[in-house]
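Topology and contacts: notes
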Amino acid sequence: PLDIRLGLTKAEDVNYRLRWGIIGCGPISSDWCKCLKEVPGAVLEVVAARDPKKAAAFAKDHGVSRSCASYADLVADPNVDIVYIGTIMPLHKEQVLMA
């Protein structure tokens, strides 16, 4: 990133806990949460899908302790700092505005 290249931020300064939530539990979200495990300080806190059973299964498969019954519940969760949107493109605007 430019701020690191310019010396404004040191790489070691960005290693802090960041609690993630995932909206959408399809293949792209699966790939993404596997990559998230390699990010220092990143914690996958909770997931949500249109179908709460799918979210629960996704959470179990990826070692996530919780799933939400709705997207609204996920974005309202005080234990979520940032949200990854892994749904189909036409739904992104609504979900970004919700988050």
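Residues numbered from 1 in each chain as written. Predicted model: local features only at pLDDT ≥ 70, side-chain atom pairs only at ≥ 80, totals over all residues. Heavy atoms only, no water.

1. Regarding the overall build of the chain
Helices and strands together make up the secondary structure of the chain, namely 5 helices and 4 strands. Judged by the C-alpha coordinates and their principal axes, the chain covers about 45 × 30 × 25 Å. Looking at the chain residue by residue over its 99 residues, the buried ones come to 35%. Considering only residue pairs separated by 6 or more positions, the chain has 58% of its internal contacts joining residues 24 or more positions apart. Within the structure as shown, the chain displays about 6400 Å² of accessible surface, and the carbon and sulfur contribution to it stands at 58%. For the chain, the separation between the mean place of its 12 positive charges and that of its 12 negative charges on side chains is 4 Å. (Helix = DSSP H or I, 4+ residues; strand = E, 2+ residues; numbered from the N terminus. Buried < 20%, exposed > 50% of the residue type's maximum accessible area, 1.4 Å probe, protein only. Contact = heavy atoms within 4.5 Å. Areas by Shrake-Rupley, 256 points an atom, 1.4 Å probe, with all protein chains shown as cover. Lys, Arg positive; Asp, Glu negative; His and termini not counted. Charge placed at Lys NZ, Arg CZ, Asp CG, Glu CD.)

2. Digging into the packing of aromatic side chains
Geometrically, a pair of aromatic rings is defined through the distance of the ring centres and the angle of the planes. For the structure shown, the criterion picks out 2 aromatic pairs. Ring geometry for Trp32 versus Tyr84: centroids 4.1 Å apart, planes at 10°, classification stacked. In this pair, Trp32 sits in helix H2 (residues 27-36) while Tyr84 sits in strand S4 (residues 82-85), placing the two residues 52 residues apart along the sequence. Classification of Tyr84 as buried rests on a relative accessible area of 18%. One aromatic cluster is present, built from ring pairs that chain together Trp20, Trp32 and Tyr84. (Phe/Tyr/Trp six-rings, centres within 6.5 Å; stacked < 30°, edge-to-face > 60°.)

3. A few points about the sheet that holds strand S2 (residues 42-48)
With parallel pairing, 4 strands are arranged side by side in an open sheet as S3-S2-S1-S4. A single partner strand is all that each edge strand has here, and the edge strands are strand S3 (66-68) and S4. The sheet shows a mean angle of 35° between the axes of neighbouring strands, direction not considered. Alignment of strand S1 (residues 18-23) against S4, held across 4 bridges, turns out to be parallel. Bridged to Trp20 within S4 is Ile82. This element, H2, spans S1, S2 and S4 of the sheet and lies at about 170° to S1. Of the strands in this sheet, S1, S2 and S3 are in contact with helix H3 (residues 52-61), which crosses S3 at around 160°. (Pairing = 2+ DSSP bridges. Axes fitted to C-alpha atoms, helices over the stretch in contact; angles between N-to-C directions.)

4. Points about the nonpolar core
Counting 15 residues, the largest nonpolar core has Trp20, Ile22, Trp32, Leu44 and Val47 as the members making the most contacts within it. Elements represented by at least two residues in this core include exactly S1, H2, S2 and H3. Other than its neighbours up to four places away in sequence, Trp20 contacts Trp32, Leu36, Ala42, Val43, Leu44, Glu45, Val46, Val80, Ile82, Val83 and Tyr84. (Core = buried A, V, L, I, M, F, W, Y, C linked by side-chain atoms within 4.5 Å.)

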